[in-house]
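Read off the chains here:
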Amino acid sequence: MHKHLKPNINRFKNKSGPGFKVMFTAFVIALFFFLLASTNVHTETYNLEKFSVANETIHSPITIENEKNTEQRIREATQAVEDHYQISHTITEERLGYITEVFEAVEKVNLSEARSSEEKLDQLNALLSDNITNDLPTEIFLPFVQASEEELQQSEEVLLGSLQSYFNEGIRTTDLEDKEQTLLLKIRYSSVPDRLKEQVTELGNFALVENAFFDAEATDEARKEAVSQVQPDMIQAGEVIVAEGVIITSDIYEELEITGLLNEERNVMPYLGLAIFSLLLGAVLYYHFRKMIREESLTFRHLFVVVLISVILMSLMKGVSVLSLSNESLYYVMPAAMGALLIKLLCSEKFALLMSVVFALMATVLFNGEVASTLNAHAGIYVLLSQFAGIFFLWNTSDRQFIAKTGIGIAVVNCMALSFTVFLSFEKYTWTDWITFSGYGILSALLSVVLTFGLLPLIESTFDILSDNKLLALSNPNHKLLRKILTEAPGTYHHSVMVANLSESACEAIGAKGLLARVAAYYHDLGKTVRPHYFIENQMGVKNPHDFLKPEESATIIINHPYDGAKLLNKEKLPKEIIDIAKQHHGTTLLKYFYYQAKEKDPHVKEKKYRYPGPKPQSKEAAIVCICDSVEAAVRSLEDPTQEKIKNIVHSIIEDRILDGQLDDCHLTFNELSKVENAICETLQGIFHSRIKYPHQDEAVKEAK
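Cut-offs and rules
Residues numbered from 1 in each chain as written. Predicted model: local features only at pLDDT ≥ 70, side-chain atom pairs only at ≥ 80, totals over all residues. Heavy atoms only, no water. Helix = DSSP H or I, 4+ residues; strand = E, 2+ residues; numbered from the N terminus. Rg over C-alpha atoms; globule rule 2.2 N^0.38 Å. Buried < 20%, exposed > 50% of the residue type's maximum accessible area, 1.4 Å probe, protein only. Phe/Tyr/Trp six-rings, centres within 6.5 Å; stacked < 30°, edge-to-face > 60°. Core = buried A, V, L, I, M, F, W, Y, C linked by side-chain atoms within 4.5 Å. Axes fitted to C-alpha atoms, helices over the stretch in contact; angles between N-to-C directions. Parallel < 35°, antiparallel > 145°, perpendicular 65-115°, else oblique. Left-handed = near helix turned anticlockwise from the far one by under 90°. Contact = heavy atoms within 4.5 Å. Nonpolar A, V, L, I, M, F, W, Y, C, P; charged D, E, K, R; others polar. Polar contact = N/O pair within 3.5 Å; in protein donor to acceptor, adjacent residues only side chain to side chain. Salt bridge = Lys/Arg side-chain N within 4 Å of Asp/Glu carboxyl O.

**Overview of the overall build of the protein**
- Looking only at helices and strands, the protein features 28 helices and eight strands.
- Taking 705 residues into account, the globule formula puts the C-alpha radius of gyration at 27 Å, and the protein, at 49 Å, lies well above it.
- Judged by the C-alpha coordinates and their principal axes, the protein covers about 170 × 75 × 50 Å.
- Here the protein holds 705 residues, and the buried ones make up 47% of them.

**A few points about the packing of aromatic side chains**
- Per the counting criterion, the structure on display carries 17 aromatic pairs.
- Consider the rings of Tyr85 and Phe214, whose centres lie 5.9 Å apart with planes at 75 degrees: the pair is edge-to-face. Of this pair, Tyr85 sits in strand E3 (residues 85-87) while Phe214 sits in strand E4 (residues 212-214), and the two are 129 residues apart along the sequence.
- Residue Tyr85 is classed as partly exposed on the basis of its relative accessible area, which comes to 32%.

**A word on the nonpolar core**
- Ranked by internal contacts, the top residues of the largest apolar core, which has 70 residues, are Ile29, Phe33, Phe289, Ile343, Phe351, Met355 and Met362.
- Within the residue set of this core, elements represented by two or more residues are helix H1 (20-41), helix H12 (268-295), helix H13 (300-323), helix H14 (337-346), helix H15 (349-366), helix H16 (377-393), helix H17 (402-424) and helix H18 (431-463).
- Here this core gets ten residues from one element, more than from any other, and that element is H15.
- Judged by nonpolar contacts, the second largest core, of 54 residues, contains Tyr523, Ile579, Ile624 and Val625.

**Description of the packing of H15 against H16**
- Contact pair H15 / H16: the axes reach a minimum separation of 7 Å and the direction vectors enclose 165 degrees. As judged from the angle between their axes, H15 and H16 are roughly antiparallel. Helix-helix and strand crossings are classified by hand; for H15 and H16 the assignment is right-handed. Where H15 abuts H16, its residues Glu349, Ala352, Leu353, Met355, Ser356, Val357, Phe359, Ala360, Ala363 and Thr364 lie against Ala377, Ala379, Gly380, Val383, Leu384, Gln387, Phe388 and Ile391.
- Along the lines of polarity and charge, the residues of the contact of H15 with H16 split into 13 nonpolar, four polar and one charged.

**Concerning the side chain of Ser619**
- When you line up the elements, Ser619 lands in the loop between helix H25 (592-601) and helix H26 (620-636).
- Of the polar contacts made by the side chain of Ser619, one reaches the backbone nitrogen of Ala622; its length is 3.1 Å.

**What to know about unusual backbone geometry**
- Gly614 connects to Pro615 through a cis peptide bond whose omega is 10 degrees.
- Here Pro615 lies in the loop between H25 and H26.
- Even without being a glycine, Phe51 presents a positive backbone phi close to 70 degrees.
- Residue placement: Phe51 occurs in the loop between H1 and strand E1 (58-59).
- Exposure remark for Phe51: the relative accessible area of 58% places this residue in the exposed category.

**What about the environment of Val530?**
- You can see Val530 is positioned in the loop between helix H22 (514-523) and helix H23 (551-571).
- With 303 residues separating them in the primary sequence, Val530 and Val227 have C-alpha atoms 94 Å apart.
- If sequence neighbours within four positions are ignored, Val530 has contacts with Asp564 and Leu568.

**Re the pattern of salt bridges**
- Under the defined criterion, the tally for this structure stands at 22 salt bridges.
- Salt-bridge contacts for Asp194 lead to Lys197; the nearest nitrogen and oxygen are separated by 3.0 Å. Of the two residues, Asp194 and Lys197 are both situated in helix H9 (residues 194-207); the distance of three residues between them amounts to about one turn of the helix.
- Judged by relative accessible area, Asp194 falls into the exposed class, the value being 63%.
- We note a salt bridge from Asp656 to Lys592, for which the minimum N-O separation is 3.5 Å. Pair noted here: Asp656 is in helix H27 (residues 643-659) and Lys592 is in helix H25, with a separation of 64 residues, a long-range link.
- Note on Asp656: relative accessible area 28%, which makes it partly exposed.
- Judged by relative accessible area, which is 40%, Lys592 ranks as partly exposed.
- Three or more residues joined by partner-sharing salt bridges are found here, namely Asp525, Lys528 and Glu537.

Below is the structure:
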C-alpha cells in the first residue's frame, strides 16, 4: 500500500464489547464444571468408634504427615546410634612398649655374665622402668630368665599380637574384665610354653588398660546424621487407611483423625479451591470468547455450540470417572477428541485449541478418583494430546468422510500418549496391561469418530451453523437459486463465478474463510434476478433501459438489488453469514455514475440518495467480496487488461474503499489488504493473459483460462 494511505488506519474501528452474553456462556461452562466436579473434591466424613468394624474401604483424601509416627521413628533412630569412643594411640604405644621392654631386658640379662637366677632378677630389676617394677613383683620374671630364646620369642609374639588387636578395637573400662578372660583363654591354647603361660598371662593383664574414651561430639554428630536420614511418615492421598471389614485400631483411628475424616469443619476448603479454579477457567474462556467474537467472525451461535459440546464432553468425562473408580485406567476409553473435532468443524481451529486446553485441565480434576487433594496429570495429558491429534489430523474439514481417516491418527496418538504415562509410572505394568490400555485408546478414537458423525448434523441443524460441508452443498450448481441466476441472469452468474474465484484466493492469502467467501459470492447478486435487464452484464442485444429512466429511478433499482437478494436468500432459509455478505457487499458506497449524471441536472442533489444504505462489510470475507465485486466489473470493462492496468485498477479500488470508510468495521489490516491486493492481481493475471500473436492479427487474442 502507498504511504499516503497510512494515516487512514485510524478510521478502522473496533466493535463494541460482546457484553453479557459472552460472559454468560463462559461462566455457564465454568458453573457446570463446578457442579460436576464437586463430588470429586468432596471429603466424606465418618462417625466411627475405636475397635469397631469398618463398613467400607476408606481412602485418605489428602497427603499429610503422621507427626506422632515420625517422632517415634526419630527416637528409634537416635537410640540405635551407639556411643562413639576415641581410641588413645598414645596409651596403646605406651602399654605395648612396656611388654617389648620386658622381653628386651630379659634377653639382655640372659646374655650377661650373671649365672644365678637371683643375680639375673636383680639385674633385670635394675634395667626395667619403675612403672613396670612398681606394678609387677620381681618373682614373675623368674621363669623368663630361665627360658630359652625360642620360648621367649614365642611368648612375645603371642602376647604382643593379642594385645595389639585388643587395643586397636578399643578397650573401655567395662571391657577390661572380658579382655582379661579372653587373653587368658587365648594364651592357654597358644604356642606359649606351659611353664610360661601363667606369667605371660599376668604380664598381659598388666599391659591391659583402658584406651577408648567416650566422644560426646562424635556421638552427637552421629545421632544428628541418623535423624536426618529418617523419612517422615506420610499418609498419601488415595491411600487405603482401613479396608472394609477390618477392625479400627487405635493407630487407624488416629490416622482417620489426622486426615480430617472425623472432622466436618474441614470439608468446605476443597469446595473453595474448586470454585477458584472454576472462576479462573471462566475468566480465561470469557477473555478468549470475547476476542474471538471480535476477530474470528464468530457469532453467539458458535458460543452456544461450544457450551453444548462442553456440557456433553464434561458429562462423558464425569460418567467415565465414576466407572473408573473400580478401574483407574478406564479414562483411556474417554472419547476426548470428539470435542475438538466438533468445535473445529463447527467453529474454528483456534476455538478448538483453546477448548482442548480447558478440557484437559478439567480432566485432571474429574479423573482424580474422587480424592479431593489430587490432580490426575496423566489423564490431563492424555485428553490434551488426544484432542490435539484430532485437530492436527483433521486438515480437510470439507470432506466429511475424512473424519473417519482422522480417527486412525487419533488412535495412534492415544496409544503413544498412554504409553508415555504407563512407561513413566513407578507402578509395574505388564505387557498385557499395555495391550489392554492400547485397546482402550483405539476404542476412544473410534467413539470420538462415531459421536462426531452422530452429533455433527444434529448440532448443525439445531443452531444453524454454517460448516464446510453445508457450504459445499450450497455451492452445487444445481441448487435452485444458482439455477435461477444462471437462467434469468446469465451474465450475473458468470460475474458471480469470477468474483467467487477472486474472493476465495484473496481470503486464503490472509487465512480467512475462503470457502465461505466463494459460496457467498455465488449468491451475492441474487437480487439482480428481480430486474436482470437493468444490469449491464445481462443486457445482451437489448437497449439499456436506464437510457429511458431518470437517474434517481435507475439508482433506486440498482441500490435495491443487495436487499432484494437478501430477501430471497432469507426466504429460502440460507445461512445468515451468506445473507449478511449479500447485504454488505456494496456497503454504503456511492453509485457514482447516476449521481454525477443527476448532478449535471441538479448541482444541489443529495449524495445520500445515491448511496447504498449499508451496512458496511462487517467481516473480512464480506469486505473481500465487496472489493472483488468491484474489481471484476472494472477489469471486465478494460479493452486491453494488461498486468500493469490490472494492478493499477485493483490498487485504486482498494484505496477508494479505504478512503470512503467502507472497510472500517471488518478488521482487515493494511498488511492483509496488501496480501489481498497481490492475490487478486495474481488470479486476474492468470485469467486475463495474452496469447501468441498469429499472422494477420493486429491485436493479441485475450481469453479466460
